[in-house]
Amino acid sequence: MFEFHGWFALLDSTYESDDLKILGIVVRLKEQIERLGWDGSVSAEVRGMNGTFFLFVHGNKNRRGVIGPELDDLLAFVAAEAPGSYGVMYWRNMEDSNDFKVRVLAPGRLVDHPDPFLSPVVPTIEDEDGEPAEVGSAEATFWDQRFRTYSQALRKDVDNEEASGSEER
């Protein structure tokens with residue numbers, strides 16, 4: 001499986017952006033995305049938000065195939081044409097490794113880094129059988145505890161609502 005998810009702020013300079021120049025870059029980038037003709041399992045879109053344009057990329061394919069090189073070319077285009085751009089993309093190619101990588105775009109450079117959060121995939125997010133990993137109570141993190149507390153409160157609310165609903169009948 002080849003999956004990727006990322007965002008990139010599009011800036012023509014690290015100092016001051018030229019609105020007309022960035023609009024030209026956005027138009028060319030949208031044309032390039034349209035030429036890719038990606039299907040529903042991969043996407044790339046440019047959206048303006050609060051005066052800044054962003055490129056969002058997402059995908060989940062069985063194999064890296066032609067999508068991988070097309071994605072590489074798309075990001076290289078951004079790095080070259082909009083050298084003030086920055087952003088991150090998480091990706092993994094299960095055919096090559098058990099780890100996610102983080103592709104970082106920082107002014108004019110694309111660099112892959114090892115991911116410290118979700119890697120190694122087994123046992124961090126999956127067990128040996130491909131099932132979600134179970135978190136032991138001794139190793140539970142702050143967020144695991146928060147999720148458990150929230151889930152218990154939701155179950156209690158649902159139970160109370162069901163009990164009060166049966167009394168009204």
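One can find the structure itself at the top, above this paragraph.
Once a new chain begins, its residue numbering starts again from 1 and follows that chain's sequence as written. Where local features are concerned, this predicted model is filtered to residues with pLDDT of at least 70; where side-chain atom pairs are given and counted, the filter is 80 or more; whole-chain, interface and lining totals use all residues. Hydrogens and water molecules were not included; the side-chain quantities draw on all heavy atoms of the structure.

Enquirer: Quick question: what am I supposed to make of the overall build of the protein chain here?
Expert: For helices the rule is a DSSP run of H or I covering at least 4 residues; for strands it is a run of E covering at least 2, with both sets numbered from the N terminus onward. Across its full length, the protein chain holds four helices and six strands. Of the regular secondary structure in the protein chain, the N- to C-terminal order runs β-α-β-β-α-β-β-β-α-α. Only protein chains enter the area calculation, which uses a 1.4 Å probe; residues under 20% of their type maximum are buried, those over 50% are exposed, and those in between are partly exposed. The buried share of the protein chain, reckoned over its 169 residues, is 28%. Residue contacts are defined here by distance: any two heavy atoms, one from each residue, within 4.5 Å place the two residues in contact. In the protein chain, once contacts between residues fewer than 6 apart in sequence are set aside, the share between residues at least 24 apart is 53%.

Enquirer: Before we go on, may I ask you to explain the packing of helix H1 (residues 19–36) against helix H2 (residues 67–81) in this structure?
Expert: Helix packing geometry: the angle between the two helix axes and the distance between the axes. At a minimum axis separation of 11 Å, H1 and H2 run at an interaxial angle of 170°. As far as their axial angle goes, H2 and H1 are roughly antiparallel. On H2, the residues that touch Ile 25, Arg 28, Leu 29, Gln 32, Ile 33 and Leu 36 of H1 are Glu 70, Asp 73, Leu 74, Phe 77, Val 78 and Glu 81. Split into classes, the residues belonging to the contact of H1 with H2 amount to seven nonpolar, one polar and four charged. Helix axes are fitted only over the stretch in contact, all axes being lines through C-alpha atoms; the angle between N-to-C directions runs from 0 to 180 degrees. By definition in this entry, angles of less than 35 degrees are roughly parallel, angles greater than 145 are roughly antiparallel, angles of 65 to 115 are roughly perpendicular, and the rest are oblique. Amino acid classes used here: Ala, Val, Leu, Ile, Met, Phe, Trp, Tyr, Cys and Pro are nonpolar; Asp, Glu, Lys and Arg are charged; the rest, including Gly, are polar.

Enquirer: Help me out: how do you make sense of the environment of Asn 60 in this one?
Expert: Residue position: Asn 60 is located in strand E3 (residues 52–61). What makes Asn 60 partly exposed here is its relative accessible area of 40%. Separated by 18 residues in sequence, Asn 60 and Val 42 have C-alpha atoms that sit 6.3 Å apart. Sequence-distant contacts of Asn 60, defined by excluding residues within four places in its chain, comprise Met 1, Phe 2, Glu 3, Ser 41 and Val 42.

Enquirer: Help me out: how do you make sense of the pairing of strand E1 (residues 2–10) in this one?
Expert: Side chains on a regular strand alternate between the two faces of the sheet. Burial analysis of E1 places seven of its nine residues in the buried class, the great majority of the element. Note on pairing: DSSP must find at least two bridges between two strands before they are called paired. In this sheet, E3 lies alongside E1 in antiparallel orientation, the contact comprising nine bridges. Bridging across to E3, Gly 6 finds its partner in Val 57.

Enquirer: So what exactly am I meant to see when it comes to a nonpolar patch on the surface here?
Expert: On the surface, a nonpolar cluster with roughly 270 Å² of combined accessible area is contributed by Phe 117, Leu 118 and Ile 125. Among the structural elements, Phe 117 can be located in the loop between strand E6 (109–114) and helix H3 (121–124). Owing to a relative accessible area of 60%, Phe 117 belongs among the exposed residues under this scheme. Like-charged residues within 9 Å of one another, or nonpolar side chains (Val, Leu, Ile, Met, Phe, Trp, Tyr) within 5 Å, are grouped into patches, provided each residue has over 30% relative accessible area and no salt bridge. Surface accessibility follows the Shrake-Rupley procedure with a 1.4 Å probe radius. Residue values consider only the protein chains on display as shielding. Any carboxyl oxygen of Asp or Glu within 4 Å of a side-chain nitrogen of Lys or Arg constitutes a salt bridge here.

Enquirer: Is there a simple way to explain H1 in this structure?
Expert: At 3.6 residues per turn, the α-helix brings residues three or four places apart onto the same side. Expected span of a helix, by definition, is 1.5 Å for each gap between consecutive residues, and there is one gap fewer than residues. The end-to-end C-alpha distance of H1 is 26 Å, a good match for the 26 Å that 18 residues give at a rise of 1.5 Å each. Of all the positions in H1, only Ile 22, Ile 25, Val 26, Leu 29, Gln 32 and Ile 33 are classed as buried. Looking down the long axis of H1, one finds its buried residues gathered within 125° of arc, a one-sided arrangement. Opposite the buried face of H1, at more than 90 degrees from it, the exposed residues are Leu 20, Glu 34 and Arg 35. Contacts from the buried residues of H1 go to E1, strand E2 (42–49), E3 and H2. Polar contacts here mean pairs of N or O atoms no more than 3.5 Å apart (in protein, one a potential hydrogen donor and the other a potential acceptor; neighbouring residues in sequence count only if both atoms are side-chain atoms). The N-cap of H1, judged by a side-chain oxygen 3.0 Å from the amide nitrogen of Leu 20 a few residues on, is Asp 18. Of the residues flanking the end of H1, it is Gly 37, one or two places downstream, whose phi is positive at about 60°. The arc in question is the one traced by the directions running from the helix axis out to the C-beta atoms.

Enquirer: What exactly am I supposed to notice about the packing of aromatic side chains here?
Expert: Stacked, edge-to-face and tilted labels apply to pairs of Phe, Tyr and Trp rings (six-membered ring for Trp) whose centres lie within 6.5 Å, assigned for plane angles under 30 degrees, over 60, and everything in between, in that order. Evaluated as defined, the whole model comprises six aromatic pairs. Ring centres of Phe 2 and Phe 4 lie 5.5 Å apart, and the angle between their planes is 45°; on these two criteria the pair is classed as tilted. Ring centres of Trp 7 and Tyr 86 lie 6.0 Å apart, and the angle between their planes is 90°; on these two criteria the pair is classed as edge-to-face. Residue Trp 7 is located in strand E1, and its partner Tyr 86 is located in strand E4 (residues 86–93); the two are separated by 79 residues in the primary sequence. Residue Tyr 86 is classed as partly exposed on the basis of its relative accessible area, which comes to 38%. Feature note: the residues Phe 2, Phe 4, Trp 38 and Trp 91 constitute an aromatic cluster, connected by ring pairs. Whether a charge sits over a ring depends on NZ of Lys or CZ of Arg being within 6 Å of the ring centre and within 35 degrees of the ring normal. In this arrangement the basic side chain of Lys 101 is found over the ring face of Trp 91, its NZ or CZ atom lying 5.7 Å from the centre.

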